[in-house]
Amino acid sequence: MTPAVGVVVMAYGTPARPEDIEGYYTHIRRGRPPEPEQLADLTRRYQALGGTSSLARRTADQVAAIAAALEERAPGRFAVALGQKHAAPFVEDGAAALAEQGVGDVVGLVLAPHFSGFSVGVYQGRLAEAVAGHGGRHAGIESWADEPAWLDFTATAVTDALADLPEATKVLFTAHSLPERVLVEDPYPRLLADSARAVARRAGLAPWAGWGLAWQSAGRTPEPWRGPDILQVLRDLADTGRADGVLVCPQGFVTDHLEVGYDLDIEARGVADEVGLAFARTRTVDADPAVMGALADRVVATADAAFGP
Ligand SMILES: CC1=C(CCC(=O)O)c2cc3nc(cc4[nH]c(cc5[nH]c(cc1n2)c(C)c5CCC(=O)O)c(CCC(=O)O)c4C)C(CCC(=O)O)=C3C
Ligand SMILES: [Fe+2]
């Protein structure tokens, strides 16, 4: 029997091999190849992680966990496909794979908790267009950053990491920066502040003295990106003399990849070492069963509401 509902689980994508970095970077830049220095810099960052990122494997594990959770909840009802933003299989490939199986109704789920028109909105827009092209119906999950299972996971990750850090440690919740231009009337900053506050409350952190917000991985372009940048926040924090350590919680990301493994574990840790702050960052969700199960529940609820139970 044909499954009634398709699910495209969407993620950023990463180059499969070092030779693929240039094509990947060109895709991110909407078809404009990077300057040689830009390509060299990105290649160097991937090399620091061993040549490529573990994102592809980690994404595959997450997709498998969500598919298994859906199968458990509703045997045979859902067909699950992966669709990536900047690497094959692309979002459009995921939609095509479901259409080939004869599945018309499609739920879109992005493996990033907080909605921005510039990130999640782009994934869902591409999926909606592809599904419509196959004559199907699309229902997108916009933001799941209020998901209790995810807030609990993150709070526990914070509490666990704090156990090994000095008493006077500040928790900094980070997410990928975006250009100021795209954040006019965008819910992304508010959603990030809301989830940070909810996690801080669950973890029992002191308001503001014990935690704060910062941005990371801003693009190297002339236009202004949202700040303050984590590297500057670390320097400023050290200057106050009121903290002995810092715990970075990359709440905007669900797994370890370049922006976590390089921008935080190498770059931010390097600055913390330089200014004399103890440093750690929280573990990411990866295929945590409780969180993947909660995402499966969201998919079921979205499918029921949009297409009928
Ligand atoms: C909001 C957001 C997320 C989180 C939400 C989501 O997950 O969708 C995210 C995640 C990721 N970004 C990633 C990689 C890159 N992003 C780049 C560039 C850019 N990211 C942007 C935004 C975001 N990015 C933006 C506005 C740009 C500027 C170019 C443009 O206007 O689009 C560049 C170019 C070079 C550089 O700037 O470093 C790379 C290599 C990887 C994969 C890492 C790996 O391979 O392990 C992941 C998970
Ligand atoms: Fe990115």
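Residues numbered from 1 in each chain as written. Chains lettered and ligands numbered in written order. Predicted model: local features only at pLDDT ≥ 70, side-chain atom pairs only at ≥ 80, totals over all residues. Heavy atoms only, no water.

Thoughts on the sheet that holds strand β1 (residues 5-11)
Strands in a sheet are paired, the pairing made by backbone hydrogen bonds, and the direction either parallel or antiparallel.
In step 1: Reading across from one edge, β2-β1-β3-β4 is the order of the 4 strands in this open sheet, with parallel pairing throughout. Two strands close off the open sheet at either side, each with one partner strand: β2 (78-84) and β4 (137-140). Pairs of neighbouring strands in the sheet enclose a mean axial angle of 25°, with direction left out of account.
In step 2: By the bridge criterion, 4 bridges tie strand β3 (residues 105-110) to β4 in an arrangement that is parallel. Each residue of the ladder has a partner; that of Asp105, found in β4, is Arg137.
In step 3: Across the face of the sheet, helix α5 (residues 120-133) comes into contact with β1, β2, β3 and β4 while running at roughly 165° to β3.
In step 4: Relative to the sheet, helix α12 (residues 289-307) contacts β1, β2, β3 and β4, its axis offset from that of β3 by approximately 145°. (Pairing = 2+ DSSP bridges. Helix = DSSP H or I, 4+ residues; strand = E, 2+ residues; numbered from the N terminus. Axes fitted to C-alpha atoms, helices over the stretch in contact; angles between N-to-C directions. Contact = heavy atoms within 4.5 Å.)

Points about the nonpolar core
In step 1: If you look at the biggest cluster of nonpolar residues, it comprises 47 residues, and the most contacted ones within it are Phe78, Val158 and Phe173.
In step 2: Counting only elements with at least two residues in this core, the list comes to β1, α3 (55-73), β3, α6 (148-162), β5 (169-176), α8 (188-203), β7 (245-249) and α12.
In step 3: For this core, the element with the highest residue contribution is α12, accounting for 8 residues.
In step 4: The residues that make up this core include at least three from each of domain 1 (5-144 + 287-307) and domain 2 (148-281).
In step 5: Discounting chain neighbours no more than four positions away, the residues touching Phe173 are Val158, Ala196, Val199, Ala200, Leu205, Trp211, Gly212, Leu213, Ala214, Cys249 and Gln251.
In step 6: Val8, Val110, Ala112 and Ala130 belong to the second largest nonpolar core, which has 18 residues in total. (Core = buried A, V, L, I, M, F, W, Y, C linked by side-chain atoms within 4.5 Å. Buried < 20%, exposed > 50% of the residue type's maximum accessible area, 1.4 Å probe, protein only. Domains from an automatic or database assignment.)

Section: the domain arrangement of the chain
In step 1: Segmentation of the chain into domains returns domain 1 (5-144 + 287-307) and domain 2 (148-281).
In step 2: Domain 1 and domain 2 are separated by 25 Å when their C-alpha centres are compared.
In step 3: Of the residues lining the interface, 25 residues belong to domain 1; the matching set on domain 2 comes to 24 residues.
In step 4: Summed over both partners, the interface of domain 1 with domain 2 buries about 2,100 Å², with 69% contributed by carbon and sulfur atoms.
In step 5: By the criterion of area lost to domain 2, the three top residues of domain 1 are Arg45, His114 and Phe118, representing 30% of everything that side buries.
In step 6: In this structure, the connection of domain 1 to domain 2 is made through 1 salt bridge.
In step 7: Residue Arg220 is joined to Asp41 by a salt bridge in which the shortest nitrogen-to-oxygen separation is 4.0 Å.
In step 8: Summed over the shared surface of domain 1 and domain 2, the result is 7 residue pairs in polar contact (both at pLDDT 80 or more).
In step 9: At the level of elements, α2 (36-48), α3 and α12 are the ones that each hand at least two residues to the side of domain 1 that touches domain 2.
In step 10: Of all the elements, α2 adds the most residues to the side of domain 1 that touches domain 2, at 6 residues.
In step 11: For the side of domain 1 that touches domain 2, the residue count by class is 13 nonpolar, 7 polar and 5 charged. (Buried area = accessible area lost by both parts, 1.4 Å probe. Salt bridge = Lys/Arg side-chain N within 4 Å of Asp/Glu carboxyl O. Polar contact = N/O pair within 3.5 Å; in protein donor to acceptor, adjacent residues only side chain to side chain. Nonpolar A, V, L, I, M, F, W, Y, C, P; charged D, E, K, R; others polar.)

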